[in-house]
Amino acid sequence: MTEQVAVQVTDESDLDLRRAAALIREVPDFPEPGVLFRDISPMLADGAGLRSVVSALGRDCEFDVVAGVEARGFLVGAAVAQAFGTGVIGLRKPGKLPVVADRVDYALEYGRATLELPADTLRPGQRVLIVDDVLATGGTLGAACRLVRQAGAEVAAAAVVLELTALEGRDKLMGEEVRALLQA
């Protein structure tokens with residue numbers, strides 16, 4: 001059983017984002033009992049919803065390229081790059097890239113993970129907008145920021161569609177500009 005969720009829009013004056021937020025649904029006990037999954041798929045499938053999210057993610061930020069975090073960050077990141085006339089880079093899980101420029105291992109609440117940067121994609125000095133779907137514990141976004149900096153590029157901002165505030169992931173990203181369109 002799924003139900004619609006009321007999430008807080010960080011810019012309450014943005015009516016389009018409020019409409020998009022209404023498309024997010026909560027799925028109890030997914031992917032395991034006790035977990036409340038926020039599914040942004042209906043929002044991404046809605047043309048107006050996707051357009052408002054993409055516009056808001058890149059708004060008021062100067063960047064040269066978008067780095068989308070695997071996997072839903074790829075979808076949103078590619079759309080942001082297209083809308084703002086930049087390229088997009090996929091930050092991948094191990095074993096997905098034929099040539100790796102660098103990698104960062106990081107801790108998650110349930111183990112360890114790794115992100116890899118494809119070779120020949122980032123140049124020193126580029127301003128990078130890192131895009132992901134959800135900010136939870138902050139481990140993945142923190143790793144993405146480190147990976148971008150290790151390549152000599154600058155993190156313009158880390159932008160997410162939805163921040164799960166109870167998990168306090170933003171606290172692990174001190175010193176980073178973190179933009180969340182929605183909070184739950």
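Rules used in this analysis
Residues numbered from 1 in each chain as written. Predicted model: local features only at pLDDT ≥ 70, side-chain atom pairs only at ≥ 80, totals over all residues. Heavy atoms only, no water. Pairing = 2+ DSSP bridges. Helix = DSSP H or I, 4+ residues; strand = E, 2+ residues; numbered from the N terminus. Contact = heavy atoms within 4.5 Å. Axes fitted to C-alpha atoms, helices over the stretch in contact; angles between N-to-C directions. Parallel < 35°, antiparallel > 145°, perpendicular 65-115°, else oblique. Nonpolar A, V, L, I, M, F, W, Y, C, P; charged D, E, K, R; others polar. Phe/Tyr/Trp six-rings, centres within 6.5 Å; stacked < 30°, edge-to-face > 60°. Salt bridge = Lys/Arg side-chain N within 4 Å of Asp/Glu carboxyl O. Buried < 20%, exposed > 50% of the residue type's maximum accessible area, 1.4 Å probe, protein only. Polar contact = N/O pair within 3.5 Å; in protein donor to acceptor, adjacent residues only side chain to side chain. Expected span 1.5 Å × (residues − 1). Arc of directions from axis to C-beta.

What about the sheet that holds strand S11 (residues 178–183)?
Then, number 1: If you trace the six strands from one edge of the open sheet to the other, you get S2-S11-S10-S9-S5-S6, paired in mixed fashion. A strand with exactly one partner marks an edge of an open sheet, and here the two such strands are strand S2 (8–9) and strand S6 (87–91).
Then, number 2: Sheet topology places strand S5 (residues 65–69) next to strand S9 (residues 127–135); four bridges connect them, and they run parallel. When the sheet's bridge partners are listed, alanine 67 is paired in S9 with isoleucine 130.
Then, number 3: In this fold helix H5 (residues 139–150) packs onto S5, S6, S9 and strand S10 (154–163), with an angle of close to 165° to the strand it touches most, S9.

A word on the packing of helix H3 (residues 47–58) against helix H4 (residues 72–84)
Then, number 1: Two numbers describe how H3 lies on H4: the axes approach to 9 Å, and their chain directions differ by 70°. Viewed along their axes, H3 and H4 adopt a mutual orientation that is roughly perpendicular. Two secondary-structure elements touch here, H3 through Val53, Val54, Ser55, Leu57 and Gly58 and H4 through Val76, Ala79, Val80, Ala83 and Phe84.
Then, number 2: Among the residues forming the contact of H3 with H4, the class breakdown is eight nonpolar, two polar and no charged.

Description of the packing of aromatic side chains
Then, number 1: Taken as a whole and assessed by the stated rule, the structure comprises two aromatic pairs.
Then, number 2: Between phenylalanine 30 and phenylalanine 37 the ring centres are 5.3 Å apart and the planes differ by 80°, which places this aromatic pair in the edge-to-face class.

Notes on the pattern of salt bridges
Then, number 1: A complete count under the given rule lists 13 salt bridges for this structure.
Then, number 2: Across the pair aspartate 39 and arginine 25 runs a salt bridge whose closest N-O atoms are separated by 2.9 Å. In this pair, aspartate 39 sits in strand S4 (residues 36–39) while arginine 25 sits in strand S3 (residues 25–28), placing the two residues 14 residues apart along the sequence.
Then, number 3: Judged by relative accessible area, arginine 25 falls into the partly exposed class, the value being 27%.
Then, number 4: What emerges from the salt-bridge pattern is a single network uniting Glu62, Asp64 and Arg127.

Regarding the side chain of glutamate 116
Then, number 1: Note that glutamate 116 resides in strand S8 (residues 111–118).
Then, number 2: Side chain to side chain, glutamate 116 and arginine 103 meet in a polar contact 3.1 Å long.
Then, number 3: What glutamate 116 contacts, discounting residues up to four positions off in sequence, is Gly90, Leu91, Arg92, Lys93, Pro94, Gly95, Leu97, Val100, Asp102, Arg103 and Leu147.

Things to note about H4
Then, number 1: Taking 1.5 Å per residue as the helical rise, H4 with its 13 residues ought to reach 18 Å, and the 19 Å between its terminal C-alpha atoms agrees with that figure.
Then, number 2: All buried positions along H4 are accounted for by Gly73, Val76, Gly77, Val80 and Ala81. Buried residues along H4 cover an arc of 135° about the axis, so they all sit on one side. Exposed side of H4, more than 90 degrees from the buried face: Leu75, Gln82 and Ala83 are the residues found there.
Then, number 3: If you follow the buried residues of H4, they end up packed against helix H2 (41–45), H3, S5, S6, S9 and S10.
Then, number 4: A positive phi of about 70° marks glycine 85, the residue just after H4.

Looking at H3
Then, number 1: Spanning twelve residues, H3 covers 17 Å between terminal C-alpha atoms, matching the ideal 16 Å at 1.5 Å per step.
Then, number 2: Gly49, Ser52, Val53, Val54, Ala56, Leu57 and Gly58 are the residues of H3 that are buried.
Then, number 3: Against the buried residues of H3 lie helix H1 (15–21), H2, H4, S9, S10 and S11.

With respect to the environment of alanine 21
Then, number 1: Along the chain, alanine 21 turns up in helix H1.
Then, number 2: With 116 residues separating them in the primary sequence, alanine 21 and threonine 137 have C-alpha atoms 21 Å apart.

Details of the side chain of glutamate 163
Then, number 1: Relative to the assigned elements, glutamate 163 resides in strand S10.
Then, number 2: Within polar-contact distance, the side chain of glutamate 163 engages the side chain of glutamine 183 at 3.0 Å.
Then, number 3: Setting aside anything within four residues of it in sequence, one finds glutamate 163 in contact with Leu135, Arg170, Ala180, Leu182, Gln183 and Ala184.

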